[in-house]
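Below are the chains, spelled out letter by letter.
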Amino acid sequence: MPDPAPHASLRFTNTALGRGDDPIATPAALLRWLGDAVEGPDVTPPEARRLHDEAMRLREAFASALRAVRDRRSIPDPALSVIERSLAAGRWRRTIASPGPELRLELVPLPGRDPLARRAPLAADLIDVLAAADPGRLRTCADAACGRWFLDTSRGGQRRWCSMATCGNRAKAERWRARRRDD
């Protein structure tokens, strides 16, 4: 099932929570995944293995940071360190983003040769999510078999499922079947 989370950092964290194989279990799979989410240079096999090792640490750090923010705790120092190292691996240019009357500073990744820089935009996206999100709206899917992270942007803030089309629909179908059995 594709991950419905709109943020690359949440989709990246959610790769650990699939209903089957880990979509970034190998260096080659990670490079394919990153190719869809983050542009970057071609990498050699040793660089790919190093990037994969760092990405696995980053994914764990993201999950730790998300849990901490959701639970209104400080992000643990080891997770913060991994995220900061990932940010530092990137080369950035500051630019002014002005989609309307509001101005904001935006970091734009610059191309570079270091393959580890490919994780920097994911770390920057996570920081954006955590800085802008109401911790009460940072959630995991109510389907215990899913557990994907999502940011509840619904008007009432009562969203329970990562996707109503999949997990929510499955829960509704299970409740319907249970009612039919009880009748």
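Our subject is the structure listed above.
Residues numbered from 1 in each chain as written. Predicted model: local features only at pLDDT ≥ 70, side-chain atom pairs only at ≥ 80, totals over all residues. Heavy atoms only, no water.

Below, the discussion takes up the side chain of Asn-14. For Asn-14, the location among the structural elements is in helix H1 (residues 8–14). Owing to a relative accessible area of 2%, Asn-14 belongs among the buried residues under this scheme. A distance of 2.7 Å separates a polar atom in the side chain of Asn-14 from the backbone nitrogen of Trp-149. (Helix = DSSP H or I, 4+ residues; strand = E, 2+ residues; numbered from the N terminus. Buried < 20%, exposed > 50% of the residue type's maximum accessible area, 1.4 Å probe, protein only. Polar contact = N/O pair within 3.5 Å; in protein donor to acceptor, adjacent residues only side chain to side chain.)

Further remarks concern the nonpolar core. Counting 29 residues, the largest nonpolar core has Phe-12, Phe-62 and Ile-83 as its most contacted members. Secondary-structure elements contributing two or more residues to this core are H1, helix H2 (27–37), helix H3 (45–70), helix H4 (77–88), helix H5 (120–132) and strand E4 (149–151). With nine residues, H3 is the single largest residue contributor to this core. In this structure, Phe-62 is in contact with Ser-9, Phe-12, Thr-13, Ile-83, Leu-122, Ala-123 and Leu-126, ignoring residues within four places of it in sequence. By size, the runner-up hydrophobic cluster in this structure holds seven residues, among which are Cys-146, Phe-150, Trp-161 and Ala-171. (Core = buried A, V, L, I, M, F, W, Y, C linked by side-chain atoms within 4.5 Å. Contact = heavy atoms within 4.5 Å.)

With that settled, the discussion passes to H5. With 13 residues, H5 extends 18 Å from end C-alpha to end C-alpha; this agrees with the ideal 18 Å at 1.5 Å per step. The complete set of buried residues in H5 reads Ala-120, Leu-122, Ala-123, Ala-124, Asp-125, Leu-126, Val-129 and Leu-130. (Expected span 1.5 Å × (residues − 1).)

To continue, consider a positive patch on the surface. Together, Arg-160, Lys-172, Arg-175 and Arg-179 make up a region of like positive charge exposed at the surface. Mapped onto the elements, Arg-179 comes out in helix H6 (residues 164–182). (Patch = residues over 30% accessible without salt bridge, like charges linked within 9 Å, V, L, I, M, F, W, Y side chains within 5 Å. Areas by Shrake-Rupley, 256 points an atom, 1.4 Å probe, with all protein chains shown as cover. Salt bridge = Lys/Arg side-chain N within 4 Å of Asp/Glu carboxyl O. Lys, Arg positive; Asp, Glu negative; His and termini not counted. Charge placed at Lys NZ, Arg CZ, Asp CG, Glu CD.)

As for its placement among the helices and strands, Ser-86 is situated in helix H4. For Ser-86, the contacting residues outside a window of four places in its chain are Leu-58, Arg-119, Ala-120 and Ala-123.

Here Pro-115 is to be found in the loop between strand E2 (104–109) and H5. Classification of Pro-115 as buried rests on a relative accessible area of 4%. Once the C-alpha coordinates of Pro-115 and Arg-50 are considered, the two residues, 65 residues apart in sequence, prove to be 8.9 Å apart.

So, about the pattern of salt bridges. Applying the stated criterion across every chain, the model contains seven salt bridges. In this structure, Asp-71 engages Arg-73 in a salt bridge whose closest nitrogen and oxygen atoms are separated by 3.7 Å. Look at Asp-71 and you get partly exposed, because its relative accessible area is 40%. Exposure remark for Arg-73: the relative accessible area of 46% places this residue in the partly exposed category.

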